[in-house]
Amino acid sequence: MQHMSESMFVGMCELVGTSKQVAMRRETVDIYEMIHILVNNGVIKMTSGSYKEGFRLKGADCDIMFWPNNHRVIIDMSQSEYYNKANTTLILSDISESPPGFTLLQLLTPSRVREVQSACVIMNDKVFISSSTFIQIACSARVPFFTVHGPCGSGSINGEEYDHADCFVCDFWPPSASSWIDRCHSWPGPEVVDDIVRSGCHFVAIGHPLGPHEHEEWRISFSRAEYKLVYSMNHSQFLTYGLLKLFLKEIINQQTKENNKLLCSYHIKTSVFWALQQNTLPHLCPQNFLAGFWVCFKLLLKWVYEGTCPNFFIPQNNMFVSKVHGSAQNRLFIQLHELYKKGLACLLQSSSIRTYIIDVLYNPRLTICTDEKLIAPESTTDTEMFNSIDKRFGIRCHHVCIKCLVAVQHLIASPLTEYQNIKLQKVTANMFQQMAFILKNMQTNTSGNKEIYVADKKICYILKLAAKFGFVSDLLYIAMFYYKTLRYTKVKLAQPYLMYKRRVDRERYTEAVGGQSWSTKMRQAVANDIILDTIICYISELIPEQQSALQIGYNVLSIPILAMLHFLEFLCYRHIDATLSLAALDELQHSQGRYVNRGGPIYWEILGICQQITGNL
């Protein structure tokens, strides 16, 4: 059993991530949100759910919560004295007629938010905000079009699936969850409890299906508290949570018809929280890893048998009501009990994790190393790090650029982790690139030659700073600017150890930059796709592609590095040497076959642009 637990721990580290990889994901998301709050303080944005917790499992969408910063929910009228009513819209939580975990929201002072104004309903001579109307209006306002899915709007942005929840924030801990504080004897620790209580809660737009005011009610959301609880887990506990998520996705739900999936990942998370608080998973480690899984599975089985899944913060809220009952409950219990009777062998039904069990069954004396540095060597961790930090803000005007850079300057002065420092470094490089081309596009025909010369010199300096802070591939932004200003140059990206996305010669990479700082590595050995905002003009030849991307709801156009390299070579050489220009075109055509991936179609489009320029219509 110990060998099997250790093997599963190693497997989950490979599937979900080592403690270092998970910390890196969390901290880079956190610093991104800090910048967003400093720049866009009108509407606050917070990532939630699995993505925020540190998972990057295939097929999972990204949950994001939005709330207006000048709206506050209060629990009782005495709390109104903490706010300036001249610039804050106050909303009162009224739980008197709602089931546990739900509330009505009474609008106390006028709101200028269109969704709030349009969702107002009168009940008993008081103005309340209708959750169903609010979420419908919020979804219809999103571009591209989002569809209502529970309290969220579900849709696609830049090809990625998102769940957006428009909600309201409350700075106070709800009295209905006060029993949770009293239960926290062993887990989580007092500092985490205090932090959670100080963070308050949110209200999301969905009512109780059996409540008297289903279309008007709002659910109390503890998303912020939940990610803080997940952050407080040790890595074995976190991986147990991950194993249960895979168990649900690949075993339970694979045996269930699409419209009959009664259990969801939130039930899984709740079982882990209860198991930890009830002190049944206190000393979980690689050697007893599977014991933790079995404890949580038995708890889920008990809940399904009883038809009761108590919310972790408000236990009176049974999350199985209207869902897990009657014949559906019986079928689910039978399904889970059959898995239970198989013991841990039930995990063999999972396509992702069965090999880690089989390896031990066939080699019972196999020595298993649980050292995370050997599970995920330096180059593996670096690959994930550099792919996760290259995220851009939607900066489309000069004054927003300035606000972003001021925000970065503010954060640099605060204590940061090594992950957050490198994230800020790349964010700054990306901001400089966007700012440079925004400044260039601000120039008009009336600008004098001297004025243009001085401005271009500054822009060039900004782009060189970006290349100094950023990836090797950021040199291509300088090449684009040179081409835009009729100066033709050549850029080579030929190091054999160059890391591109997740492709790298690990031996050469480690030999060249192993053990060096992430800052040095990214400047010397990392390349990524060229990311262009769809409404900023970089070079005129790409405007049709940017417009096309914008029409299908993409905020950015992603061009594979080799496509951009050979495209710029072709564009520059056609003004200097026709033979070299055709050679670059030939390279472009051949590189497509070697590196086609998710961005593959753009190769053919760029190739078509080049052919058209040469006259081959």
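Residues numbered from 1 in each chain as written. Predicted model: local features only at pLDDT ≥ 70, side-chain atom pairs only at ≥ 80, totals over all residues. Heavy atoms only, no water.

Participant: Would you mind showing me how to read the overall build of the chain here?
Facilitator: Along the backbone of the chain there are 25 helices and 16 strands. In terms of C-alpha radius of gyration, the chain reaches 27 Å, essentially the compact-globule figure of 25 Å for 617 residues. Counting every position in the chain, which comprises 617 residues, the buried fraction comes to 55%. The contacts of the chain with a sequence gap of at least 6 include a subset with a gap of at least 24, amounting to 69%. (Helix = DSSP H or I, 4+ residues; strand = E, 2+ residues; numbered from the N terminus. Rg over C-alpha atoms; globule rule 2.2 N^0.38 Å. Buried < 20%, exposed > 50% of the residue type's maximum accessible area, 1.4 Å probe, protein only. Contact = heavy atoms within 4.5 Å.)

Participant: Looking at this model, I keep getting lost on the nonpolar core. Mind explaining?
Facilitator: Nonpolar side chains tend to gather and get buried jointly when the protein is soluble and globular. If you look at the biggest cluster of nonpolar residues, it comprises 102 residues, and the most contacted ones within it are Phe313 and Leu347. Element by element, the count of residues in this core is highest for helix 11 (residues 289–306), at 11 residues. Dropping the residues within four chain positions of it, Leu347 is found in contact with Leu243, Phe247, Ile251, Leu290, Phe293, Ile353, Arg354 and Ile357. Formed by 68 residues, the second largest nonpolar core is a distinct cluster that contains Ile395, Tyr538, Ile561 and Cys572. (Core = buried A, V, L, I, M, F, W, Y, C linked by side-chain atoms within 4.5 Å.)

Participant: Sorry if this is basic, but what is going on with the side chain of Gln425 here?
Facilitator: Structurally, Gln425 can be placed in helix 17 (residues 418–442). Within polar-contact distance, the side chain of Gln425 engages the backbone oxygen of Phe469 at 2.9 Å. Aside from chain neighbours lying at most four places away, what touches Gln425 is Phe469, Ser519, Met522 and Arg523. (Polar contact = N/O pair within 3.5 Å; in protein donor to acceptor, adjacent residues only side chain to side chain.)

Participant: Could you clarify how one ought to interpret unusual backbone geometry in this entry?
Facilitator: Cis geometry marks the peptide bond from Trp187 to Pro188, where omega comes out at -5°. A positive phi angle, close to 50°, is found at Asn124, a residue other than glycine. If you trace the backbone, Asn124 turns up in the loop between strand 6 (120–123) and strand 7 (126–129). Assessed through its relative accessible area of 64%, Asn124 is described here as exposed. A positive phi angle, near 65°, is found at Leu486, a position not held by glycine. Checked against the element boundaries, Leu486 lands in the loop between helix 19 (475–484) and strand 13 (499–500).

Participant: Explain the pattern of salt bridges to me, please; I cannot follow it from the model alone.
Facilitator: Think of it this way: side chains of opposite charge can pair up when their charged atoms draw near. Within the structure shown, the criterion is met by 18 salt bridges. For Glu378, the salt bridge is made with Lys521, and the minimal N-O distance between the two is 2.5 Å. With Glu378 in helix 15 (residues 378–389) and Lys521 in helix 21 (residues 518–525), the pair connects residues that are 143 residues apart, well separated along the chain. The class of Lys521 is buried, set by a relative accessible area of 2%. For Lys426, the salt bridge is made with Asp474, and the minimal N-O distance between the two is 2.7 Å. One end of the pair, Lys426, is in helix 17; the other, Asp474, is in the loop between helix 18 (449–469) and helix 19, with 48 residues separating them in the sequence. Taking relative accessible area as the criterion, Lys426 reaches 0% and is therefore assigned buried. Looking at Asp474, the relative accessible area reads 3%, which means it is buried. When salt bridges with common partners are traced through the structure, they connect Asp30, Glu33 and Lys52 into a single cluster. (Salt bridge = Lys/Arg side-chain N within 4 Å of Asp/Glu carboxyl O.)

Participant: For this particular structure, what's the right way to read the environment of Arg396?
Facilitator: Among the secondary structure elements, Arg396 is positioned in the loop between helix 15 and helix 16 (398–412). The exposure class assigned to Arg396 is partly exposed, which follows from its relative accessible area of 32%. In the structure, Arg396 is positioned 288 residues away from Leu108 in sequence and 36 Å away in space, judged by C-alpha atoms. Once residues lying within four places of it in the same chain are set aside, the contact partners of Arg396 are Ile438, Asp533, Thr534, Ile535 and Asn555.

Participant: Just checking my understanding: could you explain the packing of aromatic side chains for this structure?
Facilitator: Within a pair of aromatic rings, the relevant descriptors are the distance that separates the centres and the angle that separates the planes. Under the definition given, this model contains 34 aromatic pairs. Aromatic side chains Trp180 and Phe313 sit 5.5 Å apart centroid to centroid with 50° between the ring planes, which places their arrangement in the tilted category. With Trp180 in helix 6 (residues 178–183) and Phe313 in the loop between helix 11 and helix 12 (326–341), this pair connects stretches of sequence that are 133 residues apart. By the burial criterion, Trp180 is buried, and Phe313 matches it. (Phe/Tyr/Trp six-rings, centres within 6.5 Å; stacked < 30°, edge-to-face > 60°.)

Participant: Can you walk me through the pairing of strand 15 (residues 530–533) in this structure?
Facilitator: Regular strands show a simple pattern: their side chains alternate between the two faces of the sheet. Of the two faces of strand 15, the one lined by Ile530 and Leu532 and the one lined by Ile531 and Asp533 are each fully buried. As judged from the four bridges shared by strand 15 and strand 16 (residues 556–559), these two strands associate in the antiparallel manner. Within the sheet, the bridge partner assigned to Ile531 lies in strand 16 and is Ser558. (Pairing = 2+ DSSP bridges.)

Participant: Whenever I open this one, empty space enclosed by the protein confuses me. Can you help?
Facilitator: Rolling a probe over the atoms, with the probe sized like a water molecule, indicates the empty space that remains. All chains considered together, the criterion is met by two cavities of 30 Å³ or more. Computed from the structure, the second largest cavity encloses a volume of approximately 40 Å³. As for the second largest cavity, its lining consists of Phe386, Asn387, Phe471, Met499, Tyr500, Lys501, Val526, Ala527 and Asn528. Of all the elements in the fold, those that place two or more residues in the lining of the second largest cavity are helix 15, strand 13 and strand 14 (526–527). Counted by class, the lining of the second largest cavity contains six nonpolar, two polar and one charged residues. (1 Å grid on protein atoms, 1.4 Å probe; cavity = no way out; pocket = protein on both sides within 12 Å on 5 of 7 lines; lining within 4 Å. Points joined across faces, edges and corners; volume = space filled by probe spheres on them. Nonpolar A, V, L, I, M, F, W, Y, C, P; charged D, E, K, R; others polar.)

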